[in-house]
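# Structural characterization, general
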Amino acid sequence: MEKLAKNKRLFVALSCASIASLIGSFAYPLQKLEVYRQAEKNALGQGYARNFIITESDVSLPYGFDSRRAKLVAKIYQDAKQQKLLLLLAAAVLAIGALTIGDETVLADEIDLEVSAIKAVGRKQLLLEGVRHRLAMASKSQRLIFLDEMKALMEEFNTPEAEILEADELNATDKFTNAGYLLAEGIPLDAAVAQIWGCPAGTEEHRAVKRKFLAWQGEEEVKDAGPDFRNQFPETMDISSWKAISKALAEGMTKAEIVTDVLGCKGVQAEVGEAYFDHLHNNYYSRL
Amino acid sequence: MLRHLKNASELVLYASISCGAAYLARLNPPFSFPILLLRLGVLGYCGYAIAIAEGNKELAIIIGGSLLIGMIGGYWDLIEVHQKYVSPEMVVTLTVTALAVLGTGSYVLYQREKNDGKASKK
């Protein structure tokens, strides 16, 4: 960055040099001198010491100084007159030099500071803008990634909507499932089968379809079809019925005879009787 | 920062002049009284400029300070001799007194400046 205060270093150097020269010029004695101490007595007869500093510049001895009684306490015979004066002169010249370029340099430096402060503010704003932009970009890209993933997912599963549609269609066309729905809604098995397949109850076709349907529903579903005979044979009857059936079996009766004679199911109800017989046979025969 | 350095340079210039006057007074004792008079006059004027007159008070403060620095610096080796061989108590007393005067004067001037500011607002 181009700075206006070009003489800044020179100015600082000159100022510091002038200060150092001035402080340096204070050091070391300026002139040769001697310090004398003279014992004196005041009007009351009390003793005290009187000190005299006699320098080389003194044109006369101080009043009361007695060279015979005065004792030399200290003397300085090495002075630094020239060095001190030179340093003082250097300090003055350097200070004048510093002041000559001072005004301009100080003004330029203040402008530089102002400019750099403004630049710093600008840079800060730029950084903030950049961060905001990057955040926006990140958010956008995340959204895009999400959309891409969704797309891939949909392609992988052959689009969920289509799948759902297919399932619905299948369900709609699958008579077994529809019959299952009807059963779940509480419609009796025979009525459901008759409604879905369009065959009246009691016919051979009805019976075959029902068997298929029960096989399709599996063991659990078959059990669920219990209400069919439960209307006629409640659970409390199971044990006594089975005892009667097992007795009849022991006597050598066939299944059809048992259904008609023991369970008392004839004609249309023979099927109910058979189902009940099967149910009891399945549940109790294994326990014998 | 540079502005303070510039003020310091100014102070050094005036202090070097004051110190030079002190050296002159010591090397040529006949000059000591006129220089003392001059010094007192300038110091009095500085006091007047700082305390009463409107105008460049910074310059007055700088000149007053430089007078003090030049006086102390110009007599420093002699002060050392006094402190070592003649009367350390005197040097200590004078130093403490001078510092007390400086502190009090600064405080008074500061308060005055503050009150002036308040008065001018009214």
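Up top is the structure.
Below you will find a few notes about this structure. Model, not experiment: these values are computed from the prediction. (Residues numbered from 1 in each chain as written. Chains lettered and ligands numbered in written order. Predicted model: local features only at pLDDT ≥ 70, side-chain atom pairs only at ≥ 80, totals over all residues. Heavy atoms only, no water.)

### Section: the overall build of chain A
Tallying secondary structure elements over chain A gives 10 helices and three strands in all. Buried residues in chain A amount to 26% of all 288 residues. When the accessible area of chain A is evaluated, it comes to approximately 19800 Å², of which 59% is carbon and sulfur surface. (Helix = DSSP H or I, 4+ residues; strand = E, 2+ residues; numbered from the N terminus. Buried < 20%, exposed > 50% of the residue type's maximum accessible area, 1.4 Å probe, protein only. Areas by Shrake-Rupley, 256 points an atom, 1.4 Å probe, with all protein chains shown as cover.)

### Examining the nonpolar core
If you look at the biggest cluster of nonpolar residues, it comprises 14 residues, and the most contacted ones within it are Phe233, Ile245, Leu263, Tyr276, Phe277 and Leu280 of chain A. Sorting the residues of this core by element identifies α8 (238–250), α9 (255–262) and α10 (270–284) of chain A as the ones contributing at least two each. The leading source of residues in this core is α10 of chain A, at five residues. Among the nonpolar cores identified, the runner-up in size contains 13 residues, and Phe26 and Leu99 of chain A together with Val12 and Cys19 of chain B belong to it. (Core = buried A, V, L, I, M, F, W, Y, C linked by side-chain atoms within 4.5 Å.)

### What about helix α5 (residues 189–197) of chain A?
Every buried residue of α5 of chain A is accounted for by Leu189, Ala192, Val193 and Trp197 of chain A. One side of α5 of chain A carries all its buried residues, which in axial view fall inside an arc of 100 degrees. (Arc of directions from axis to C-beta.)

### Overview of the packing of helix α3 (residues 57–74) of chain B against helix α4 (residues 76–86) of chain B
All names here are of chain B. Direction vectors running N to C along α3 and α4 enclose 55 degrees, while the axes themselves pass 4 Å from each other. With respect to each other, α3 and α4 are oriented oblique. Residue-level inspection shows Ile72, Gly73 and Gly74 of α3 in contact with α4, the latter providing Trp76, Asp77 and Ile79. Here the residues of the contact of α3 with α4 sort into three nonpolar, two polar and one charged. (Axes fitted to C-alpha atoms, helices over the stretch in contact; angles between N-to-C directions. Parallel < 35°, antiparallel > 145°, perpendicular 65-115°, else oblique. Contact = heavy atoms within 4.5 Å. Nonpolar A, V, L, I, M, F, W, Y, C, P; charged D, E, K, R; others polar.)

### Observations regarding the interface of chain B and chain A
Each partner contributes residues to the interface: chain B has 26 residues there, and chain A has 39 residues. The contact between chain B and chain A buries some 2800 Å² in all, and 77% of this surface belongs to carbon and sulfur atoms. One can count two salt bridges joining chain B with chain A. Among the salt bridges present, the one from Glu110 of chain A reaches Arg3 of chain B, with a minimum N-O distance of 2.8 Å. In this structure, the connection of chain B to chain A is made through 11 residue pairs in polar contact (both at pLDDT 80 or more). Of all the secondary structure elements, the ones that give two or more residues to the side of chain B that touches chain A are α1 (2–27), α3 and α4 of chain B. Take the side of chain B that touches chain A: its biggest share by element is 16 residues, from α1 of chain B. For the side of chain B that touches chain A, the class distribution of residues is 16 nonpolar, five polar and five charged. (Buried area = accessible area lost by both parts, 1.4 Å probe. Salt bridge = Lys/Arg side-chain N within 4 Å of Asp/Glu carboxyl O. Polar contact = N/O pair within 3.5 Å; in protein donor to acceptor, adjacent residues only side chain to side chain.)

### Things to note about the sheet that holds strand β3 (residues 71–76) of chain A
All names here are of chain A. On the basis of which strands lie adjacent, the open sheet formed by three strands has the order β2-β1-β3 and antiparallel pairing. One side of each edge strand has no neighbouring strand; the edge strands of this open sheet are β2 (47–55) and β3. The average undirected angle you get between the axes of adjacent strands in this sheet is 20 degrees. Bridge count for strand β1 (residues 33–41) against β3 is five bridges, and the pairing is antiparallel. Bridge pairing in β3 places Leu33 opposite Ile76. (Pairing = 2+ DSSP bridges.)

### A short note on a negative patch on the surface
There is a patch of like negative charges on the surface, built from Glu54, Glu58, Glu113 and Asp116 of chain B. Following the sequence through the fold, Glu54 of chain B ends up in the loop between α2 (32–51) and α3. (Patch = residues over 30% accessible without salt bridge, like charges linked within 9 Å, V, L, I, M, F, W, Y side chains within 5 Å. Lys, Arg positive; Asp, Glu negative; His and termini not counted. Charge placed at Lys NZ, Arg CZ, Asp CG, Glu CD.)

### Concerning the layout of surface pockets
All names here are of chain B. Here the largest pocket is characterised by a volume of approximately 1300 Å³. Leu68, Met71, Ile72, Ala98 and Leu102 are the residues nearest the centre of the largest pocket, which is lined by 34 residues in total. When residues of the lining of the largest pocket are traced back to their parent elements, those giving at least two are α2, α3, α4 and α5 (88–121). If one sorts the elements of the lining of the largest pocket by residue count, α5 sits on top with 15 residues. Per-class residue counts for the lining of the largest pocket are 21 nonpolar, eight polar and five charged. (1 Å grid on protein atoms, 1.4 Å probe; cavity = no way out; pocket = protein on both sides within 12 Å on 5 of 7 lines; lining within 4 Å. Points joined across faces, edges and corners; volume = space filled by probe spheres on them.)

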